[in-house]
Amino acid sequence: MSRLKFMAAGVAGVLGSAMLAAVGSSPAMASQHITLVFGGWGTPQQIQAYQSEAAAFEKLHPNVTIQGEYLPWNGYETKLTAQLAAHQLPDVMVTSTAWFSEFASKGAYLNMTPYFKQSHLSANDFVPGGIAGNSIHGHLYMLPNGGAYTIGDVVVLYNKTMFKKAHLSAPPRNWTLSDFVHDAQKLTLDANGKNALEKGFNPNNTVQWGTDIGDSSNDAVWDELLPAFGGWYYNTQETHATINTPAFADAASWLKDLVTKWHASMPPAAQTGIADPFAAGKVAMIYAWDNQAQTETGLVNFPVGVAPLPVGPHGRGFFKVPNGAAAPANGWTIAANTKYPKIAWEFVKFLATSPIALKARGINGVEGLAYAPLTSTWLKMLPPKARQIELIDHWQYQTAPTKLMVPPGGNMYTEFWNDMTAQLSLYDLGKISLHQTLTTLQKDTQTLLQQQNNS
Amino acid sequence: MQKRPRSLKQQQARYGWAFVSLWIVGLVFFGLGPIIASGVLSFTQYDIASPPQWIGLANYTHMLHSSVFWQSLKVTTIYTVVSVPLGIIIGITLAIMLNARIRGLRFLRTAYYLPSVVSGVAVAALWGWIYNPDYGPLNAALKAIGITGPAWLESTTWVLPALIIMGLWSVGGSMVMYLAALQQVPTSLYEAAKIDGASIVRQHMSITFPMISPVIFFMLVNGIIGSFQVFTQAYVLTQGGPGYSSYFFVLYLYENAFEYFKMGYAAALAWALFLAIFLVTVLLFWSARFWVYYEDTSLWAG
């Protein structure tokens, strides 16, 4: 080792020790009274869950008051952005994958790595990719609060009763998209009880559908379907849109055929006024994220089965994001300029890993389970029907990713999906051709990529 | 040195300035300031969280090359061209009917006016229910006479007509204006016309419309400005869909500003909207000399 390197290593060691010492000797846990602002979005039930976990933390730390700033989903990101501009972000925030990378790149979040190391938590205890994926250049900025679709935990949920009535066996592990279509057609029934494979079936008087994934606005379906057809939205460098390609065209045609040719998917217009067609017993199979799996099984009054995604011409639709390119799960972050980093970390750690917090917020307030040591607590909390899902949950279906792909994220996400939904719905309604759809989307996405890369 | 006493005019001027000073502060900080700022921001790339970056005319050139921009302009123009004249025709018709001496006049006037005081979001929610293809009363009524109603808000064909019909819900507001104008028309003019043998239609064409034309002009200008700024119904009911069929200009502006955080581009859109409204208003004022009748003709004197 050269003298220069030796000195550099020495300086780094001293600085690292000082940093850890500073973390340890922070006055945050001292007796002074501390008010932490906790921001989050959610339904009234989720907000109630936030309040319960905040109260549980206050009970453990009498010198801390958690001041909630809770909003519905709509408007939450706008408020956070304004707060970021004004350097007034909440101390601790519930954070979505939709804006995590964008905010992190602007220095909004505290680097939790020193705190994480000192707490002796293990990355292996978190949902796969949960810690690495929430880190940028080795710095951890978010603790995950659930699994999310970006690490490939979308599964097919199916209504076992409908399968039994249709004399269909449970989907095997290696079932294909063709098998999926066949089963969906057999599960689609008209008012006379004829299925979509039978002669005399009336598609204009359908009372039950095989699935509902033909609705082009479902980003989870697209994220999984595109790799199965060998395509993606853009190249891995994110410089060129790859929408006007045969793979994308095949995926779009397949989805449309599911509705208009095979009559096996509930059309979007028929979904008006039905919040959850699967729970309402209108459709037999859905693509679902792991958290939805548990929610659904809690809602429905029929047995639910879980199957892996069907295999397409280019394999199964799993994909994986490179570390830091996009967060694999929603989670909790700490504002970079918080006055109380130590206690804020304690609160985040409590939210992510404490059974007390998990019990306090209940099953309505979480997106799934991100911390393995809480599994037994989690299972006890779930209703019996949901437990069967958890036992064969997404961690089982977590396989090696076939491709390295980044879903649209940050500010680009909303604009991209709004445009995708609008253009594809015009195609679905027969107002524009597939060629027009793909050409327009290609051009729009290319413009978005350029804007993103220039910013 | 002795101070010269202030004149009454000076004193009044001081009081005047004192009284309007608060308004001036408001204008500068909350009106003029943001207007100028938005003008400057329209030449920048600005996402709120980072400092604005000067990009020259890029926002304006992007706007002109964006198919979504032209689509939103097209939707807004169609809405304006259909809904504003329709609103004027129905408003005047109702006002003429309610200007007659019939039983229950006060109740009818109140009943027609009342919907216009309901807030936009509540109206949108109500019409969302009316248009529901499964349980909405509109399709139920159509079914009763043997017609299968469309999925109004999910159809690219029907969504814009549906929003135009919904816009007529608040026609009672303009009706009151026309009613007030009608009551200013001297009855002697009608009496003279009757003696000359003029029919009802002729009376309205030659007396009513010219006499209330200043109010029609006022409502036309306001109607066009208002319809260029339509937002609530599309935001609440359709989110611009299906497939941009109801994607109004202000919804496009809003999404760019508050969903995509493209504040610079949104500011450029706002200025484009201002320019469009300004040009149409200038055109209307120019056309007014040909069809708006003022008893004081000096208004158009050059």
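Computed from a predicted model, the values in this text were never measured in an experiment. (Residues numbered from 1 in each chain as written. Chains lettered and ligands numbered in written order. Predicted model: local features only at pLDDT ≥ 70, side-chain atom pairs only at ≥ 80, totals over all residues.)

Chemist: Looking at this structure, I do not really get the environment of Pro-133 of chain B. What am I missing?
Modeler: Considering the arrangement of structural elements, one finds Pro-133 of chain B in the loop between α5 (120-130) and α6 (137-144). The spacing of Pro-133 of chain B and Thr-187 of chain B is 54 residues in sequence and 49 Å in space, taken between C-alpha atoms. Discounting residues that sit within four places of it in the chain, Pro-133 of chain B has contacts with Thr-272 of chain A together with Asn-139, Gly-149, Ala-151 and Trp-152 of chain B. (Helix = DSSP H or I, 4+ residues; strand = E, 2+ residues; numbered from the N terminus. Contact = placed C-beta atoms within 7 Å.)

Chemist: Whenever I open this one, the packing of helix α3 (residues 67-98) of chain B against helix α8 (residues 171-182) of chain B confuses me. Can you help?
Modeler: Residues and elements named next belong to chain B. The interhelical angle for the contact between α3 and α8, taken along N-to-C directions, is 55 degrees, at an axis separation of 8 Å. One element, α3, and the other, α8, form an angle in the oblique class. As α3 runs across α8, the sense of the crossing is right-handed. Of the residues in α8, those in contact with Gly-87, Ile-90, Gly-91, Ile-92, Leu-94, Ala-95, Ile-96 and Leu-98 of α3 are Val-171, Ser-174, Met-175, Tyr-178, Leu-179 and Leu-182. (Axes fitted to C-alpha atoms, helices over the stretch in contact; angles between N-to-C directions. Parallel < 35°, antiparallel > 145°, perpendicular 65-115°, else oblique. Left-handed = near helix turned anticlockwise from the far one by under 90°.)

Chemist: Just checking my understanding: could you explain the pairing of strand β2 (residues 64-71) of chain A for this structure?
Modeler: Residues in a regular strand point their side chains to alternate faces of the sheet. Residue and element names in this part refer to chain A. Of the pairings in the sheet, the one linking strand β1 (residues 34-41) to β2 comprises eight bridges and is parallel in character. Within β2, the residue paired with Leu-36 across the bridge is Ile-66. Assessed by its sense of winding, the connection that carries the chain from β1 through helix α2 (residues 44-60) to β2 is right-handed. (Pairing = 2+ DSSP bridges. Right-handed = clockwise from strand over helix to strand, strands pointing away.)

Chemist: Sorry, what's going on with the sheet that holds β1 of chain A here?
Modeler: Within a sheet, neighbouring strands are paired by backbone hydrogen bonds and run either parallel or antiparallel to one another. Taken together, five strands build an open sheet; the order of strands is β2-β1-β3-β12-β6 (chain A) and the sheet is mixed. Each of the sheet's edge strands pairs with one partner strand only, and the pair in question is β2 and β6 (143-144) of chain A.

Chemist: Whenever I open this one, the environment of Phe-116 of chain A confuses me. Can you help?
Modeler: Residues and elements named next belong to chain A. In this structure, Phe-116 sits in helix α5 (residues 113-118). Placed 24 residues apart in sequence, Phe-116 and Leu-140 show a C-alpha to C-alpha distance of 8.2 Å. For Phe-116, the residues in contact, after removing those within four places along its chain, are Leu-121 and Leu-140.

Chemist: Please clarify how the confidence of the model for chain B should be interpreted in this entry.
Modeler: Detail in the predicted coordinates should be disregarded across regions flagged by low pLDDT. Looking at chain B as a whole, its pLDDT mean stands at 91, while 96% of the residues score no less than 70. Listed scores for the predicted complex are pTM 0.79 and ipTM 0.74. (pLDDT = per-residue confidence, 0-100.)

Chemist: Sorry if this is basic, but what is going on with the packing of helix α10 (residues 200-228) of chain B against helix α13 (residues 263-291) of chain B here?
Modeler: The angle between the axes and the distance between the axes are what describe a pair of packed helices. All names here are of chain B. Relative orientation of the contacting elements α10 and α13 amounts to 165 degrees, with a least axis distance of 10 Å. Classified by the interaxial angle, the pair formed by α10 and α13 is roughly antiparallel. The handedness of the crossing between α10 and α13 comes out as right-handed. Along the contact surface, α10 presents Ser-213, Phe-217, Leu-220, Val-221, Ile-224, Ile-225 and Phe-228, while α13 presents Leu-273, Ala-276, Ile-277, Val-280, Thr-281, Leu-284, Ala-288 and Trp-291. In the contact of α10 with α13, the residues fall into 13 nonpolar, two polar and no charged. (Nonpolar A, V, L, I, M, F, W, Y, C, P; charged D, E, K, R; others polar.)

Chemist: How should I be thinking about helix α4 (residues 97-105) of chain A in this particular structure?
Modeler: Two residues of an α-helix separated by three or four positions point the same way, owing to the 3.6 residues in each turn. All names here are of chain A. The element α4 is extensively covered by neighbouring structure, given that eight of its nine residues are classed as buried. Considered for burial, the residues of α4 that qualify are Thr-97, Ala-98, Trp-99, Phe-100, Ser-101, Glu-102, Phe-103 and Ala-104. Within two residues after α4, Gly-107 carries a phi angle of roughly 75 degrees, on the positive side. (Buried ≥ 20, exposed ≤ 12 C-beta atoms within 10 Å, placed from the backbone.)

Chemist: I tried to follow the interface of chain A and chain B on my own but got confused; where do I start?
Modeler: Bring the parts together and some accessible area is lost; that lost area is often taken as the interface size. Contact with chain A, which involves 22 residues of that partner, is made by 22 residues of chain B. Secondary structure elements with two or more residues in the side of chain A that touches chain B: α3 (76-85) and α16 (410-428) of chain A. At eight residues, the largest contribution of residues to the side of chain A that touches chain B is made by α16 of chain A. When its residues are assigned to classes, the side of chain A that touches chain B shows eight nonpolar, 11 polar and three charged.

Chemist: It is not clear to me how the sheet that holds strand β8 (residues 189-190) of chain A should be interpreted in this structure. Could you clarify?
Modeler: Residues and elements named next belong to chain A. Read across the open sheet, the five strands follow the order β8-β9-β10-β7-β11; overall the sheet is mixed. Bordering the open sheet on either side are β8 and β11 (304-307), each of which pairs with just one other strand. The pairing of strand β7 (residues 155-159) with strand β10 (residues 283-288) spans four bridges and is antiparallel. Looking at β10, one finds that Val-156 is bridged to Tyr-287. Against the sheet, helix α7 (residues 177-187) makes contact with β9 (206-211) and β10, and its axis sits at roughly 160 degrees relative to β9, the strand it touches most.

Chemist: How should I be thinking about the pairing of β11 of chain A in this particular structure?
Modeler: Residue and element names in this part refer to chain A. By the alternation rule, side chains of β11 split into Val-304 and Val-306, which are all buried, and Gly-305 and Ala-307, of which none is buried. With four bridges connecting them, β7 and β11 associate as antiparallel partners. Across the sheet, residue Asn-159 finds its bridge partner in β11, namely Val-304.

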